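# An overview of the molecular structure
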Amino acid sequence: MKKPGTTPFLRALVPAVETMARIGFAAKGAVGITVAVIALRVALGFDDQAEGPHGALRTILHQPFGEILLAFTGLGLICYAAWQVFSALTDPEGKGVGPRGLVERLGFGITGLAYASLGVAAFTAINGETSPSMDTEAIATGVLHHFAGRFLIGSAGIVIMIAAVLQARLGITGRFRRQLRLNHMTVLETRGMSVLGRVGYVALGLTSFLTGAFLLLAALRYDPREAAGLDEILELILAQPFGRWLLGFVALGLALYGIYSLLLSRFHHLLDQH
């Protein structure tokens, strides 16, 4: 892994960027675990409707000291969004400028925008407001009605699908271990993160691939109603034969990925070389 640059300005930014990223990973993990718990409750028959990240924000808000918790979550999500955009622009993971590297970096940028909108939604929820303009269908509606909208939505869908395959590949091959500060981890921590990463990345790849596929379908059919966020995808899984079992397995995978993300706030190999 290479450092983002050698200029005094970038070197001075490293501590702040690393702190921001670690806060972001913790917030992302917390939201992911909440989404997984909601989905698991649906799979077990305790709730009727699976919900995505926006539903997770509402769940956090309804907990004791919910407004404070949601404010910290929103701040963390914006930190994570900033880290993703920073990664897309400066390439701290050394993805390069080849076709695969550019797709991955573009995926970082798209992810950053998505988490930025989720962070804003967290703060609007504290004020008792909703942010319908930030759900997947509404975004697709707005973009499709602009010049080159179908191309933009379709391209975003393709990028997300490719990134999803690469995410699942990380889980299958175990290459995500390159992200970890292995020399700072015990044998038990290394084994635990390996299990969490393998299952979690595959589950994340599955749900991300379906998100991208629905965006591409929306562009091809010129119908924003075809676009689907995570909540619609979980409901789609639930509607399949043996849907509760399938949803339970996906929820378990997402929960493990959420825990993995939470632990990345400590174990991720960010901009340092140690």
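Position numbers for residues count from 1 along each chain, tracking the sequence in the order it is written. The predicted nature of this model means local features are confined to residues of pLDDT at least 70 and side-chain atom pairs, given and counted, to a pLDDT of 80 or more, with totals for whole chains, interfaces and linings taken over all residues. Neither water nor hydrogens contribute to the side-chain values; these are computed over all heavy atoms in the structure.

## A word on the overall build of the protein chain
- For helices the rule is a DSSP run of H or I covering at least 4 residues; for strands it is a run of E covering at least 2, with both sets numbered from the N terminus onward. Helices and strands together make up the secondary structure of the protein chain, namely nine helices and zero strands.
- Reading the protein chain from its N end, one meets helices and strands in the order α-α-α-α-α-α-α-α-α.
- Scored against the burial criterion, the 274 residues of the protein chain give a buried share of 46%.
- Considering only contacts in the protein chain between residues 6 or more positions apart, those separated by 24 or more positions represent 72%.
- Areas reported as accessible are Shrake-Rupley estimates using a 1.4 Å probe. Residue values count occlusion only from the protein chains shown. Carbon and sulfur atoms make up 68% of the accessible area of the protein chain, which totals about 14,000 Å². Relative accessibility under 20% of the residue-type maximum defines a buried residue, over 50% an exposed one, and the middle range a partly exposed one, all with a 1.4 Å probe and only protein chains included. By definition, residues are in contact when any of their heavy atoms lie within 4.5 Å.

## Let's talk about the nonpolar core
- As used here, the term nonpolar core means buried Ala, Val, Leu, Ile, Met, Phe, Trp, Tyr and Cys residues forming a set that is joined through side-chain atoms within 4.5 Å. By size, the foremost hydrophobic cluster in this structure holds 48 residues, and its most contacted members are Leu57, Trp83, Met193, Leu234, Leu247 and Tyr260.
- Where this core is concerned, the elements lending two or more residues are helix H1 (8-43), helix H2 (53-61), helix H3 (66-90), helix H4 (99-126), helix H7 (187-221), helix H8 (230-238) and helix H9 (243-267).

## Structural notes on the packing of H7 against H8
- The interhelical angle for the contact between H7 and H8, taken along N-to-C directions, is 105°, at an axis separation of 10 Å. If you check the angle between H7 and H8, you find them roughly perpendicular. Contacts between H7 and H8 involve Thr207, Leu210, Thr211 and Phe214 on the former and, on the latter, Leu230, Ile233 and Leu236. In this description, a line fitted to the C-alpha atoms serves as the axis of each element, helices being fitted only across the stretch in contact, and the angle between N-to-C directions of two axes falls anywhere from 0 to 180 degrees. By the definition adopted for this analysis, an angle is roughly parallel if under 35 degrees, roughly antiparallel if over 145, roughly perpendicular if from 65 to 115, and oblique otherwise.

## Focus: the pattern of salt bridges
- Every case where a carboxyl oxygen of Asp or Glu lies within 4 Å of a side-chain nitrogen of Lys or Arg is listed as a salt bridge. If you walk through the whole model with that rule in mind, you get four salt bridges.
- Put simply, Glu104 and Lys95 hold a salt bridge, and the shortest N to O gap is 3.2 Å.
- Between Arg266 and Glu189 there is a salt bridge; the shortest N-O distance is 3.7 Å. You can see Arg266 sitting in helix H9 and its partner Glu189 sitting in helix H7, a full 77 residues away along the chain.
- Since its relative accessible area comes to 52%, Arg266 is described here as exposed.
- One continuous salt-bridge network, built from bridges that share partners, spans Lys95, Arg100 and Glu104.

## Digging into the side chain of Thr207
- As for its placement among the helices and strands, Thr207 is situated in helix H7.
- Once residues lying within four places of it in the same chain are set aside, the contact partners of Thr207 are Leu230, Ile233, Val250 and Leu254.

## What to know about the packing of H2 against H3
- Relative to each other, H2 and H3 sit at 145°, their axes nearing to 7 Å. Every residue of H3 that contacts H2 at Leu57, Ile60 and Leu61 is listed here: Gly66, Glu67, Leu69, Leu70, Thr73 and Leu77.
- Under the scheme applied, nonpolar residues are Ala, Val, Leu, Ile, Met, Phe, Trp, Tyr, Cys and Pro; charged residues are Asp, Glu, Lys and Arg; polar residues are all the others, including Gly. Taken together, the residues that form the contact of H2 with H3 break down as six nonpolar, two polar and one charged.

## Concerning the environment of Gly52
- As for its position among the elements, Gly52 is in the loop between H1 and H2.
- Taking relative accessible area as the criterion, Gly52 reaches 2% and is therefore assigned buried.
- Gly52 sits 13 residues away from Ala39 along the chain, and the two C-alpha atoms are 8.6 Å apart.
- Aside from chain neighbours lying at most four places away, what touches Gly52 is Val35, Leu230 and Asp231.

## So, the packing of aromatic side chains
- When two rings of Phe, Tyr or Trp (its six-membered ring) have centres within 6.5 Å they constitute a pair, described as stacked for plane angles under 30 degrees, edge-to-face for angles over 60, and tilted for the intermediate range. Taken as a whole, this structure holds eight aromatic pairs when the rule is applied.
- Ring centres of Tyr201 and Tyr260 lie 5.6 Å apart, and the angle between their planes is 70°; this geometry places the pair in the edge-to-face category. You can see Tyr201 sitting in helix H7 and its partner Tyr260 sitting in helix H9, a full 59 residues away along the chain.
- Among the aromatic residues, those joined into a cluster by ring pairs are Phe176, Tyr201, Tyr257 and Tyr260.

## Some thoughts on unusual backbone geometry
- Despite not being glycine, Phe65 shows a phi value in the positive range, around 55°.
- Along the chain, the position of Phe65 falls in the loop between H2 and H3.
- Judged by relative accessible area, which is 67%, Phe65 ranks as exposed.
- Of note in the backbone geometry, Phe242 takes a positive phi value of approximately 55° without being a glycine.
- For Phe242, the location among the structural elements is in the loop between H8 and H9.
- Judged by its relative accessible area of 68%, Phe242 falls in the exposed class.

## Considering a nonpolar patch on the surface
- Residues forming no salt bridge and having over 30% relative accessible area are the ones grouped into patches, like charges within 9 Å of each other and nonpolar side chains (Val, Leu, Ile, Met, Phe, Trp, Tyr) within 5 Å. A contiguous nonpolar surface patch, about 480 Å² in accessible area, is contributed by Phe65, Ile68, Leu69 and Phe72.
- The topology assignment puts Leu69 in helix H3.

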